[in-house]
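The chain contents come next:
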Amino acid sequence: MSDTPLSLLNRVFGYPAFRGEQAAIVDTVAAGGDALVLMPTGGGKSLCFQIPALLREGCAVVVSPLIALMQDQVAALKELGIAAEFLNSSLDGATAAQVEREFVSGQLKLLYVAPERLLTPRFQSLLEQARVALFAIDEAHCVSQWGHDFRPEYLGLSALHERFPEVPRIALTATADTATRAEILTRLDLGAARVFVASFDRPNIRYRISEKSDPRRQLLDFLGEHKCEAGIVYCSTRKKVEETADALKQAGFTALPYHGGMDNDTRRRHQEKFLREDGVIMVATLAFGMGIDKPDVRFVAHMDLPRSVEGYYQETGRAGRDGEPAEAWMAWGLQDVVTQRRFIDEGEAEDAHKRVGHAKLDALVGLAEAASCRRVALLSYFGEASQPCGNCDVCINPPILWDGTEAAQKLLSAVYRTGQRFGAGHVIDVLLGKTTEKIDRFGHGQLSVFGIGAGQTDKVWRAVLRQLVVRGLLEVDHSAFGALKLTPAARPVLKGEETVMLRAIEARPARSRKTRLAVDHSDEDPLFLALRAWRRETANQKGVPAYVILHDATLREIAARRPATRAELGEIAGLGTKKLEAYGEAVLAVVKEG
Ligand code: ADP
Ligand code: ZN
């Protein structure tokens with residue numbers, strides 16, 4: 001066999017070139033070396049072990065914690081004409097035995113296994129009998145005891161190296177931080193491995209973060225730009241998931257709820273529908289998403305603030321794995337910050353842990369408040385330097401900043417003069433000079449601050465207040481019914497030693513925002529839609545997700561280039577030999593009709 005990595009990439013996978021570090025990783029592993037690969041979601045980790053598996057003699061054993069995913073991954077490989085199977089608890093005994101026989105007799109190129117099965121004596125003996133090309137350890141961060149995805153069985157995987165020292169290993173993860181990286185290297189005994197760190201940038205994802213005003217309306221406006229597209233809407237509570245899903249259904253979207261309080265069966269059904277059908281919106285709590293590798297998720301929307309930048313990045317990373325334009329959208333408000341702070345403070349954790357919780361939240365709020373490029377802020381959080389991206393809301397539509405020093409002084413004074421005992425509503429009433437029962441009762445109409453803010457609207461004052469709280473000049477005392485209190489950071493502002501620049505509520509007229517940000521598919525190419533309809537039918541017949549047949553990017557390129565012959569079709573990325581053979585004629589027929 002004279003296959004090279006590149007010829008396999010072209011012929012089997014139908015892609016013209018490797019991305020980033022893929023070529024170097026494939027070379028390392030194909031030559032028998034160990035590798036640790038850190039690449040963001042959608043970066044293209046799978047090829048890093050699939051191509052070495054084809055180049056080396058024997059069968060690659062892929063360890064994956066996500067049973068639900070194995071089936072689709074194996075289906076996708078089979079579509080490419082690669083002998084792949086999986087072994088997990090979903091198989092009946094006879095099928096599992098058949099797969100084991102094929103593995104031992106050398107008929108397979110890739111075998112996906114759950115970690116708990118891999119470590120059983122039975123499977124260990126199969127490993128002794130079979131010829132193993134390499135071990136791929138997917139989601140390698142599951143070995144980290146400090147992460148949320150810890151899997152005790154992963155700790156046993158270092159034994160692989162002891163028993164099969166000559167078999168190369170490749171560990172892969174999308175978790176970026178250095179602590180996890182170090183933990184993977186030691187726990188998996190990968191000290192001699194080459195470490196490949198890809199850029200964590202996801203240039204095709206456009207980040208947009210807005211303040212909540214009318215969240216439901218804001219969400220519907222956003223979704224209006226994504227008609228007929230698949231996406232995830234994250235909400236912080238089960239109740240909100242249900243309500244939002246209902247509202248979206250009423251507005252005519254195909255939306256399904258998903259949260260931990262639903263029975264397993266319904267959850268599985270909803271997940272299947274999301275994976276297999278086009279244009280389904282999943283409204284979910286954070287329980288949903290781990291291991292969802294649907295490539296054509298076009299948007300991820302957050303209706304509430306997540307807990308950390310890591311969390312936000314992981315969740316938004318589920319959009320646009322196929323490299324096509326996608327959007328990460330979030331609406332957040334002061335209440336989110338207040339609720340989360342209370343949650344941290346009232347938790348059982350030790351003080352050190354609470355401090356970490358607050359610091360993580362601060363970093364995320366900093367991102368949400370950022371007046372410069374979101375992507376630069378995100379990447380710098382992960383230790384990566386970059387330039388303004390031109391593909392986030394701030395770059396496209398820079399916020400207008402105003403000198404809010406005087407406004408801040410007025411508001412801080414109002415809090416102080418009313419005795420630091422009242423919540424936002426009352427303080428703003430005092431600023432506006434309203435006559436309310438409460439103002440009468442406390443005699444606040446007599447204060448020097450009464451009515452000094454009448455020149456601004458209630459909405460502006462709320463925006464000022466929010467920004468002062470998130471910047472730590474004011475704090476909300478949960479133990480006193482949400483009373484506002486000054487912090488030491490308020491002093492220099494009150495004394496006129498510090499200026500406060502604030503974001504204006506409305507960045508620019510909505511019109512320019514809309515025309516520049518719209519990703520509207522209502523004028524979608526009819527040929528693309530026809531190809532999508534054909535794909536859906538084909539996928540249904542085969543019982544596989546649509547993207548296993550062909551990706552959106554491939555359909556789009558076909559629609560744009562309108563190939564007339566098999567040879568022309570073969571030049572399009574995403575169509576390897578096998579897929580050309582299987583679908584070439586049908587696709588050409590759709591093009592001809594369209
Ligand atoms: P990850 O596991 O890192 O999240 P995948 O391996 O699922 O990412 O790859 C993400 C997407 O990118 C897949 O749709 C895959 O087919 C595509 N892809 C990977 N490598 C290439 C490449 N060299 N050229 C074109 N597409 C690629
Ligand atoms: Zn930017």
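All figures in this text were calculated on a predicted structure; none of them were measured in a lab. (Residues numbered from 1 in each chain as written. Chains lettered and ligands numbered in written order. Predicted model: local features only at pLDDT ≥ 70, side-chain atom pairs only at ≥ 80, totals over all residues. Heavy atoms only, no water.)

Q: With reference to specific residues and values, describe the sheet that holds strand S13 (residues 326-332).
A: Strand order in the open sheet made by the six strands is S8-S13-S12-S9-S11-S10, with parallel pairing throughout. Both edges of this open sheet fall to strand S8 (205-211) and strand S10 (255-258), since each of them pairs with a single strand only. Sheet twist, expressed as the average angle between the axes of neighbouring strands with direction ignored, equals 15°. When strand S12 (residues 299-302) meets S13, the two strands line up parallel, connected through four bridges. Bridged to Ala 301 within S13 is Trp 329. Of the strands in this sheet, S8 and S13 are in contact with helix H16 (residues 351-369), which crosses S13 at around 105°. (Pairing = 2+ DSSP bridges. Helix = DSSP H or I, 4+ residues; strand = E, 2+ residues; numbered from the N terminus. Axes fitted to C-alpha atoms, helices over the stretch in contact; angles between N-to-C directions. Contact = heavy atoms within 4.5 Å.)

Q: Can you tell me about the pairing of strand S1 (residues 35-38), naming the residues and giving the values?
A: Of the two faces of S1, the one holding Ala 35 and Val 37 and the one holding Leu 36 and Leu 38 are both buried throughout. For S1 and strand S6 (residues 169-173), the ladder comprises four bridges, and the chain directions are parallel. Counterpart to Ala 35 in the pairing with S6 is Ile 170. Of the pairings in the sheet, the one linking S1 to strand S7 (residues 194-197) comprises four bridges and is parallel in character. (Buried < 20%, exposed > 50% of the residue type's maximum accessible area, 1.4 Å probe, protein only.)

Q: So what about the packing of helix H11 (residues 215-224) against helix H12 (residues 238-250)? Which residues, and what values?
A: As a packed pair, H11 and H12 sit with axes 11 Å apart at the nearest point and diverge in direction by 50°. By the angle between their directions, the pair H11 and H12 is classed as oblique. Considering the relative orientation of H11 and H12, their crossing is right-handed. Contacts from Arg 216, Leu 219, Leu 220 and Leu 223 of H11 reach H12 at Glu 243, Thr 244, Ala 247 and Leu 248. Residues that form the contact of H11 with H12 fall into these classes: five nonpolar, one polar and two charged. (Parallel < 35°, antiparallel > 145°, perpendicular 65-115°, else oblique. Left-handed = near helix turned anticlockwise from the far one by under 90°. Nonpolar A, V, L, I, M, F, W, Y, C, P; charged D, E, K, R; others polar.)

Q: Could you give an account of the site of ligand 1, naming the residues involved and the relevant values?
A: Tyr 15, Gly 42, Ser 46, Arg 321 and His 551 are the nearest of the 15 residues found near ligand 1. At 3.3 Å from an oxygen atom of ligand 1 is found a side-chain nitrogen or oxygen belonging to Arg 19. Taking Gly 43, its main chain carries an N or O atom lying 3.4 Å from an oxygen atom of ligand 1. With the chains in place, 84% of the 570 Å² that ligand 1 exposes on its own is no longer accessible. (Near = heavy atom within 4 Å. Polar contact = N/O pair within 3.5 Å; in protein donor to acceptor, adjacent residues only side chain to side chain. Areas by Shrake-Rupley, 256 points an atom, 1.4 Å probe, with all protein chains shown as cover.)

Q: Any details on the packing of aromatic side chains? Residues and values, ideally.
A: Under the definition given, this model contains eleven aromatic pairs. Arranged with centres 5.4 Å apart and planes meeting at 90°, the rings of Tyr 381 and Phe 382 form a pair that is edge-to-face. The rings of Phe 222, Phe 299 and Trp 329 are connected pair by pair, giving a single aromatic cluster. The side chain of Lys 294 reaches across the aromatic face of Phe 274, ending 5.5 Å from its centre. Arg 556 extends its terminal NZ or CZ atom over the ring of Phe 528, reaching a point 4.2 Å from the ring centre. (Phe/Tyr/Trp six-rings, centres within 6.5 Å; stacked < 30°, edge-to-face > 60°. Lys NZ or Arg CZ within 6 Å of the ring centre and 35° of its normal.)

Q: Could you give me a rundown of the sheet that holds strand S5 (residues 132-137), with the residues and numbers involved?
A: Pairing is parallel across the open sheet formed by seven strands, whose spatial order is S3-S4-S2-S5-S6-S1-S7. Of all the strands in the sheet, the pair left with one neighbour each is strand S3 (84-87) and S7. Across the sheet, the axes of successive neighbouring strands diverge by a mean angle of 20°, strand direction being ignored. In the sheet, S5 pairs with S6 via three bridges, with the strands oriented parallel. Counterpart to Ala 136 in the pairing with S6 is Ile 170. Lying over the sheet, helix H4 (residues 67-79) contacts S3 and strand S4 (110-113), oriented at roughly 165° with respect to S3. This element, helix H5 (residues 93-104), spans strand S2 (59-63), S3, S4 and S5 of the sheet and lies at about 130° to S3.

Q: Provide a residue-level description of H16, including the pertinent values.
A: For H16, with 19 residues, the first-to-last C-alpha span of 26 Å sits near the 27 Å given by 1.5 Å per residue. Inspection of H16 places Lys 354, Gly 357, His 358, Leu 361, Leu 364, Val 365, Leu 367, Ala 368 and Glu 369 among the buried residues, and these make up the whole buried set. (Expected span 1.5 Å × (residues − 1).)

Q: Could you give an account of the coordination of the zinc ion (ligand 2), with specific residues and numbers?
A: Tetrahedral coordination by four donors sets the ideal angle at the metal to 109.5 degrees; octahedral coordination by six donors sets it to 90 or 180 degrees. All of the protein donors around the zinc ion (ligand 2) are Cys 373 (SG), Cys 389 (SG), Cys 392 (SG) and Cys 395 (SG); their distances to the metal are 2.3 to 2.4 Å. The site at the zinc ion (ligand 2) holds four donor atoms, and with the angles between them running 100 to 119°, its shape is tetrahedral. Linear spacing of the donor residues for the zinc ion (ligand 2) on their chain is C-x15-C-x2-C-x2-C. On the criterion of sequence distance, the pair formed by Cys 373 in the loop between H16 and helix H17 (374-381) and Cys 389 in the loop between H17 and helix H18 (393-396) is long-range, its members being 16 residues apart. For Cys 389, a relative accessible area of 25% corresponds to the partly exposed category. (Donors = N, O, S within 2.8 Å, 3.2 Å for Na, K, Ca; no water. Tetrahedral: all angles 85-135°; square planar, octahedral: opposite > 155°, others 65-115°.)

Q: Outline the packing of H5 against helix H7 (residues 121-129), listing residues and values.
A: Describing two packed helices takes the angle between their axes plus the distance from one axis to the other. Where H5 meets H7, the axes come as close as 9 Å, and the angle between the chain directions of the two elements is 30°. When the interaxial angle is binned, H5 and H7 end up roughly parallel. Across the interface between the two elements, Glu 100, Phe 103 and Val 104 from H5 touch Arg 122, Phe 123, Leu 126, Leu 127 and Gln 129 from H7. Of the residues belonging to the contact of H5 with H7, the class tally is five nonpolar, one polar and two charged.

Q: So, the environment of Asp 458: which residues are in play, and what are the values?
A: Note on placement: Asp 458 falls in helix H22 (residues 458-470). Classification of Asp 458 as partly exposed rests on a relative accessible area of 31%. Spatially, the C-alpha atoms of Asp 458 and Ile 572 are 56 Å apart, while their sequence positions differ by 114 residues. Setting aside residues up to four positions removed in sequence, Asp 458 forms contacts with Ile 428 and Leu 432.

Q: Please give an account of the side chain of Gln 467 that cites residues and values.
A: By the secondary structure assignment, Gln 467 is in helix H22. Among residues more than four places away in sequence, those in contact with Gln 467 are Glu 369, Leu 502 and Arg 503.

Q: Which residues make up the pairing of S13, and what are the values?
A: With seven of seven residues buried, S13 is to be regarded as a mostly interior element. Here S13 shows two buried faces, one formed by Ala 326, Ala 328, Met 330 and Trp 332 and the other by Glu 327, Trp 329 and Ala 331. Taken together, the seven bridges between S8 and S13 define a ladder with parallel strand orientation. Within the sheet, the bridge partner assigned to Ser 210 lies in S13 and is Ala 331. At this point the chain moves from S12, through helix H14 (residues 309-316), to the parallel S13, and the crossover so formed is right-handed. (Right-handed = clockwise from strand over helix to strand, strands pointing away.)

Q: So what's going on with the nonpolar core? Residues and values would help.
A: For soluble globular proteins, the rule of thumb is that nonpolar side chains tend to be buried together. Membership of the largest hydrophobic core comes to 73 residues, with the highest contact counts inside it found for Phe 103, Phe 123, Leu 127 and Phe 274. Looking at this core, the element that brings in the most residues is H16, giving five residues. If you look at the next biggest cluster of nonpolar residues, it comprises 35 residues, including Leu 9, Phe 13, Val 74 and Leu 134. (Core = buried A, V, L, I, M, F, W, Y, C linked by side-chain atoms within 4.5 Å.)

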